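Observations on the three-dimensional arrangement
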Amino acid sequence: MEERKWEDMNSDCLVNIFGRLELKSKVLVIPLVCKPWYQAVHNPLCWERLIFPRTILGPRSQTELIKFFVNRSQRCATSLALPDMCDREDLVYVSEECPDLKMLFLPYGVCMEHKDIIPNLIVKWKKLESLLLGCITCVKEILELIHIHLPSFICLCLTNGDVDGETASAIVSLIPNVKCLFINQAKLKKEDLLLILRGCKRLEYLDVRNCTGFDEGDDEILRLASGIKNFQCDGSTAKDPLSFMHEFNELVLQMDIEIDLDFLDAIGGDDFQWDEYQWEL
């Protein structure tokens with residue numbers, strides 16, 4: 001039997017495979033292999049997942065590169081993870097050119113720098129289902145708008161901050177039907193976690209690992225969480241959060257988010273140089 005060649009694979013299969021690769025490979029490697037691969041990687045469906053490295057280094061501006069990749073998707077992008085720092089222009093541009101986003105990750109730097117416009121930009125994505133925030137800022141305002149404008153919303157991720165009673169109450173009252181909730185490496189008191197457990201009846205996945213404010217072995221918490229399909233609280237402790245200030249600051253700087261979703265596994269990849277490639281701008 002004659003051995004099949006990779007370049008002879010069905011173009012739909014190639015698009016499916018290439019769409020799962022990191023941006024660097026789709027730009028620096030795949031187009032150079034053969035003509036069928038070059039053609040396949042130029043299919044907009046290969047660019048549904050736009051997951052940028054935390055830092056972009058190179059001779060071209062970050063805005064120019066973000067626009068390059070967004071344009072490759074031809075408004076087909078469904079998942080977007082932005083670099084740690086990006087301009088206001090970048091945020092506005094992706095809100096206009098990625099109308100079909102279902103999953104969005106805004107890292108720490110973006111959340112802090114542009115917190116004044118983020119809530120109103122988020123509601124432009126009418127199909128948004130999952131929002132991941134690299135820090136907790138203006139979250140109540142965001143949830144109020146999600147409650148009004150985004151009926152398909154099912155997943156929220158909050159990291160590196162203080163999920164206080166007001167935030168917990170907002171989660172329960174504004175997105176009570178949330179199915180997936182991630183509160184990693186945050187300050188979360190036991191009473192606020194209990195409020196969430198009692199109020200969000202449709203939770204299927206709750207990840208509160210490495211938090212301070214409650215103990216991972218607390219019997220009351222484990223009993224209330226027993227009906228959740230996937231509940232994780234490893235590494236959480238009731239110890240005074242101030243004793244962990246040094247470690248917490250290191251986590252904020254590193255922005256290493258450990259969440260078990262394929263999309264999130266690709267976030268925070270290695271920084272890389274973009275000057276290895278002659279851009280087709």
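Residues numbered from 1 in each chain as written. Predicted model: local features only at pLDDT ≥ 70, side-chain atom pairs only at ≥ 80, totals over all residues. Heavy atoms only, no water.

Labelled according to an unreviewed UniProt entry, the protein appears under the name F-box/LRR-repeat protein 23, originating from Heracleum sosnowskyi.

Okay, the overall build of the protein next. If you tally the helices and strands in the protein, you get 13 helices and ten strands. Going through the 281 residues of the protein one by one, you find that 48% of them count as buried. Looking at the protein alone, contacts between residues at least 24 apart form 71% of all its contacts between residues at least 6 apart. (Helix = DSSP H or I, 4+ residues; strand = E, 2+ residues; numbered from the N terminus. Buried < 20%, exposed > 50% of the residue type's maximum accessible area, 1.4 Å probe, protein only. Contact = heavy atoms within 4.5 Å.)

Before going further, it helps to examine unusual backbone geometry. Positive phi outside glycine occurs at Cys 138, with the angle close to 45°. Within the secondary structure, Cys 138 sits in the loop between strand S5 (130–133) and helix H8 (139–149). With phi around 50°, Gln 185 is a residue other than glycine that occupies positive phi space. Of note, Gln 185 is situated in the loop between strand S7 (180–184) and helix H10 (190–199).

Turning to the pairing of strand S4 (residues 103–106), a few remarks are in order. On a regular strand, one side chain projects to one face of the sheet and the next to the other, so that they alternate. Both faces of S4 are covered, namely the face carrying Met 103 and Phe 105 and the face carrying Leu 104 and Leu 106. Looking at chain direction, strand S3 (residues 79–81) and S4 are connected through three bridges and run parallel. Residue pairing for S4: Leu 80 is matched across the bridge by Leu 104. Following the backbone out of S3, through helix H5 (residues 88–97) and into the adjacent parallel S4, one traces a crossover that is right-handed. (Pairing = 2+ DSSP bridges. Right-handed = clockwise from strand over helix to strand, strands pointing away.)

Before going further, it helps to examine the pairing of S7. Along S7, four of the five residues are buried, which leaves the element largely enclosed by surrounding structure. For strand S6 (residues 155–159) and S7, the ladder comprises five bridges, and the chain directions are parallel. Note that in S7 the partner of Leu 156 across the bridge is Leu 181. Considered for its hand, the β-α-β crossover made up of S6, helix H9 (residues 165–174) and S7 is right-handed. Note: S7 against strand S8 (residues 205–207), three bridges, orientation parallel. Bridge assignment links Leu 181 to a residue of S8, and that residue is Leu 206.

You can see Asn 160 is positioned in the loop between S6 and H9. Among the residues examined, Asn 160 registers a relative accessible area of 5% and is labelled buried. Between the alpha carbons of Asn 160 and Lys 187 there is a distance of 7.9 Å; along the sequence they are 27 residues apart.

Turning to H8, a few remarks are in order. Buried within H8 we find Val 139, Ile 142, Leu 143, Leu 145 and Ile 146. Along the axis of H8, the buried residues cluster in a sector spanning 165°; they form a single face. Buried residues along H8 sit against helix H7 (118–122), S5, S6 and H9. (Arc of directions from axis to C-beta.)

On to the sheet that holds strand S9 (residues 230–232). Across the sheet, eight strands lie side by side as S1-S3-S4-S5-S6-S7-S8-S9; this open sheet has parallel pairing. Every other strand in the sheet has two partners, leaving strand S1 (49–51) and S9 as the edge strands with one partner each. Going across the sheet, the axis of each strand differs from the next one's by a mean of 5°, ignoring polarity. (Axes fitted to C-alpha atoms, helices over the stretch in contact; angles between N-to-C directions.)

Glancing now at H10. Listed as buried for H10 are Asp 192, Leu 193, Leu 194, Ile 196 and Leu 197. In this structure, the buried residues of H10 make contact with H9, S7, S8 and helix H11 (219–224).

On to the packing of aromatic side chains, then. Using the criterion set out here, one finds four aromatic pairs in the structure. Ring centres 5.7 Å apart and planes at 35° place the aromatic pair Trp 47 and Phe 69 in the tilted group. Of this pair, Trp 47 sits in the loop between helix H3 (35–41) and S1 while Phe 69 is found in helix H4 (residues 62–73), placing the two residues 22 residues apart along the sequence. A relative accessible area of 0% places Trp 47 in the buried class. For Phe 69, a relative accessible area of 0% puts it in the buried group. When the ring of Phe 52 is compared with that of Phe 69, the centres are 5.8 Å apart and the planes differ by 75°; the resulting orientation is edge-to-face. (Phe/Tyr/Trp six-rings, centres within 6.5 Å; stacked < 30°, edge-to-face > 60°.)

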